[in-house]
Amino acid sequence: MNNEPRTVAVLGAGTMGSGIAVVMARAGHRTIMYDIDEANLRRGLDSVHGFLDHSVKLGKLSQDAADTAKRSLSGATDLRELAPSDIVVEAVFEDLALKKELFGRLDDIVSAHTLFHTNTSTLSVTGIASGSRHPERVVGTHYCNPAPLMKLVEVADGRHTGSPAHEATVAFLRGLGKTTVVTKDRPGFIVNRFLIPWENSCIDALENGVATRDEIDAAVKGSLGHPMGPFRLLDIVGMDIHQQVATRLYEQLRDPRFFPPPMVERMVAAGDLGRKTGRGFYEYDDTRLFGS
Amino acid sequence: MSEKFERVGIVGAGTMGGAIARFLSAAGVPVTAVETDLTALAGADLVVEAVPEKFDVKVAVLAEAAAVAGPGAVLATTTAALSVTELGAALPGPERFAGFVWHNPVDTTRTVEVVPGLCTAPETVARLAAFADSLPGKEALVVGDRPGFLLHGLLMPYLNDVVQAYDDGLAGAEDLDVAIELGLGYRTGPLAMLDRIGLDAHLDATEAAYAATGDRRYAPPPLLRRMVAAGRLGDKSGHGFRTQEDH
Ligand SMILES: NC(=O)c1ccc[n+]([C@@H]2O[C@H](COP(=O)([O-])OP(=O)(O)OC[C@H]3O[C@@H](n4cnc5c(N)ncnc54)[C@H](O)[C@@H]3O)[C@@H](O)[C@H]2O)c1
Ligand SMILES: NC(=O)c1ccc[n+]([C@@H]2O[C@H](COP(=O)([O-])OP(=O)(O)OC[C@H]3O[C@@H](n4cnc5c(N)ncnc54)[C@H](O)[C@@H]3O)[C@@H](O)[C@H]2O)c1
């Protein structure tokens, strides 16, 4: 099923849903973005168009290809409109009950061959699949943000995922130009599983006076070859998001390395969330808060 | 102004010592690298020790180097995780001794950690820091004498964690590295990095940090010991996590 055009439904038109919709539409798949919130759906569709236009401006995509991608994109706020989907990619809020319920409702709408992909970061694929009567067709596909630019997709099967669904998923993702790695249905898969304790240990080192913010960022970027130091990265991710992801992983793993260090809670309490509030580990003046 | 170093001696020409000698030499610094015959260190005003991460071996080598180079020379260690203070305490001139910790690969990494022990003289720290800063593309960071100092203190638990997760079947070696390289943009995945460091060098360092702290994040994962016992040391032996996939 590699390169054949399919009908792909993307559930949730937020950050990830919009990015994934770009990936699908750009690859020639008929793409339906679905959101319960009309305004969010609008914003998501706009952001897909914006991304495609920007790609044209950068010379990364032809005007023709962008137009074709836009024509293959539509929006829906009624789940029944997703009936023709060959694949649904779920990217709604990180809430187990919500994701389960959505898959359960889709059971009665989509076909008997439709694949259910979940983009969850921290929940169990098996848990989400338990909301469907067809867990054999549910596969974890964890994209990275921004999805149109990041090549990696982590693929994780739930306990009941069937090998046909797994194989078809890997082939489909490769057809999108993605690099897949196969991992297990374990909290955080690979990327978040190692990123969160790493960031926590850097925050601890700072709080414990091992070195300064600038020294740690300089050493990690300059000598480990990371694209940026941990504090620059945390400022982009947002301390609130780091706290949420870390706490969710800690709750499942009960391993203190995942628990957000006290400094995280203080920064969140103070509203120093990073770039988006103008101050995190660093200060910024090009933000909504301090901009005009 | 701190006094510059005119001639650098290096003891232990392995992964780090050999690379540091080549780097300094390319930068126009006169260098002598030795392995067994330390007499060639006479005349050096800085001796950098880069022998394996074993306390007794380092102390023996450093004491001999101190005797050959004389009381005017500064002595430094590239230790990743032993205590600079404890090594210095076993030497005749601990005030002229400090940590001088380069990173791997030596020619492309930017920071060099200068680590004073409790007895290190400020002048010794200043001279080493000025020396590192004078080298092309290098920047000195003066950091405290804690297990692993700055970068190794962060790196060792992460590498141990990856080895354990690999042994626990989270993913294959290549997939783990690819996920981290593509997902996080790190230049080198953790298992390829371990192969480059040397599994024996990492085992010695993380054991030293574990002994010093009792912190289980530094405890060597069992697979690491098995790999070293089997002679699978990474790039240097042609067989590690990534250099040959099966283990
Ligand atoms: N943001 C990231 O960096 C990132 C990376 C990888 C995976 N993820 C995962 O992707 C998922 C989405 O994350 P996000 O950052 O895009 O979130 P977001 O908050 O930006 O978007 C979520 C969207 O889902 C919609 N939504 C909520 N409930 C819905 C429902 N019942 N039906 C339809 N739409 C609904 C919301 O209106 C919103 O537009 C989460 O599971 C998250 O863990 C996020
Ligand atoms: N490998 C790394 O990535 C790395 C990074 C930072 C710091 N370090 C530290 O640097 C030091 C050296 O590590 P390495 O990886 O280069 O080790 P290595 O095993 O590659 O090299 C050690 C060298 O020392 C020589 N040697 C052994 N005993 C000796 C003695 N008694 N007298 C003289 N020479 C002797 C060996 O022949 C070998 O050439 C260690 O303290 C290590 O923790 C290593």
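Description of the structure in this document.

Quick notes on the rules
- Residues numbered from 1 in each chain as written.
- Chains lettered and ligands numbered in written order.
- Predicted model: local features only at pLDDT ≥ 70, side-chain atom pairs only at ≥ 80, totals over all residues.
- Heavy atoms only, no water.
- Pairing = 2+ DSSP bridges.
- Helix = DSSP H or I, 4+ residues; strand = E, 2+ residues; numbered from the N terminus.
- Axes fitted to C-alpha atoms, helices over the stretch in contact; angles between N-to-C directions.
- Contact = heavy atoms within 4.5 Å.
- Near = heavy atom within 4 Å.
- Polar contact = N/O pair within 3.5 Å; in protein donor to acceptor, adjacent residues only side chain to side chain.
- Areas by Shrake-Rupley, 256 points an atom, 1.4 Å probe, with all protein chains shown as cover.
- Nonpolar A, V, L, I, M, F, W, Y, C, P; charged D, E, K, R; others polar.
- Phe/Tyr/Trp six-rings, centres within 6.5 Å; stacked < 30°, edge-to-face > 60°.
- Buried < 20%, exposed > 50% of the residue type's maximum accessible area, 1.4 Å probe, protein only.
- Lys NZ or Arg CZ within 6 Å of the ring centre and 35° of its normal.
- Arc of directions from axis to C-beta.
- Salt bridge = Lys/Arg side-chain N within 4 Å of Asp/Glu carboxyl O.

### Regarding the sheet that holds strand β2 (residues 30-34) of chain A
Hydrogen bonds between backbone atoms are what pair the strands of a sheet, whose relative direction is either parallel or antiparallel. Residue and element names in this part refer to chain A. The strand order across the open sheet formed by eight strands is β3-β2-β1-β4-β5-β6-β7-β8, and the pairing between neighbours is mixed. Edge positions in the open sheet fall to β3 (73-76) and β8 (179-183), since each of these has one partner strand only. The sheet shows a mean angle of 25 degrees between the axes of neighbouring strands, taken without regard to direction. By the bridge criterion, three bridges tie strand β5 (residues 115-118) to strand β6 (residues 138-143) in an arrangement that is parallel. Following the sheet pairing, F116 is matched in β6 by V138. Sitting on the sheet, helix α2 (residues 38-57) is in contact with β2 and β3, with an inclination near 170 degrees to β3. Helix-sheet contacts for helix α4 (residues 96-107) involve β1 (7-11), β2, β4 (87-90), β5 and β6, and the interaxial angle to β5 is about 165 degrees.

### Focus: the site of ligand 1
All names here are of chain A. In the vicinity of ligand 1, 22 residues are found, and the nearest of them are M16, D35, N40, E94 and K99. One of the backbone N or O atoms of V92 is found 3.4 Å from an oxygen atom in ligand 1. Here S121 contributes a side-chain N or O atom positioned 3.0 Å from an oxygen atom of ligand 1. Across the complex, the protein chains shield 82% of the 830 Å² of accessible surface that ligand 1 would expose by itself. Residue assignment for the shell around ligand 1 shows that the elements contributing at least two residues are α1 (15-26), α4 and β6. A per-class count over the shell around ligand 1 returns nine nonpolar, nine polar and four charged.

### A word on the packing of aromatic side chains
Within a pair of aromatic rings, the relevant descriptors are the distance that separates the centres and the angle that separates the planes. Taken as a whole and judged by the stated rule, the model has nine aromatic pairs over all chains. A centroid spacing of 6.2 Å and a plane angle of 25 degrees characterise the contact between F100 of chain B and F131 of chain B, whose relative ring orientation is stacked. Here F100 of chain B, found in strand β5 (residues 97-101), pairs with F131 of chain B, found in helix α4 (residues 122-134); they are 31 residues apart in sequence, far enough to count as distant. On the accessibility criterion, F131 of chain B (8% relative accessible area) is buried. Geometry around Y282 of chain A places R232 of chain A over its ring, the cationic atom sitting 3.5 Å from the centre. Its end group placed over the ring of F23 of chain B, K138 of chain B keeps NZ or CZ at 4.7 Å from the ring centre.

### Quick notes on helix α11 (residues 262-269) of chain A
All names here are of chain A. Of the residues making up α11, those classed as buried are M263, V264 and M267. Viewed along the axis of α11, the buried residues span an arc of 105 degrees, placing them on a single side of the element. With respect to the buried face of α11, the exposed residues turned more than 90 degrees away are P262, E265 and A269. Elements in contact with the buried residues of α11: α7 (191-207) and α10 (239-253). One or two steps after α11, the chain reaches G271, where phi turns positive at roughly 75 degrees.

### Digging into the pattern of salt bridges
Following the criterion strictly, the structure yields 28 salt bridges over all chains and no others. For the salt bridge of K236 of chain B with D200 of chain B, the shortest nitrogen-to-oxygen distance reads 2.9 Å. In this pair, K236 of chain B is assigned in the segment after α9 (222-229) and D200 of chain B in helix α8 (residues 199-213), connecting sequence segments 36 residues apart. Classification of K236 of chain B as partly exposed rests on a relative accessible area of 47%. By relative accessible area, which is 22% here, D200 of chain B ends up partly exposed. Close ionic contact of D215 of chain B with R217 of chain B constitutes a salt bridge, the shortest N to O distance being 2.8 Å. Salt bridges linked by common partners bring R193, D255 and R257 of chain A together with D161 and R216 of chain B together as one network.

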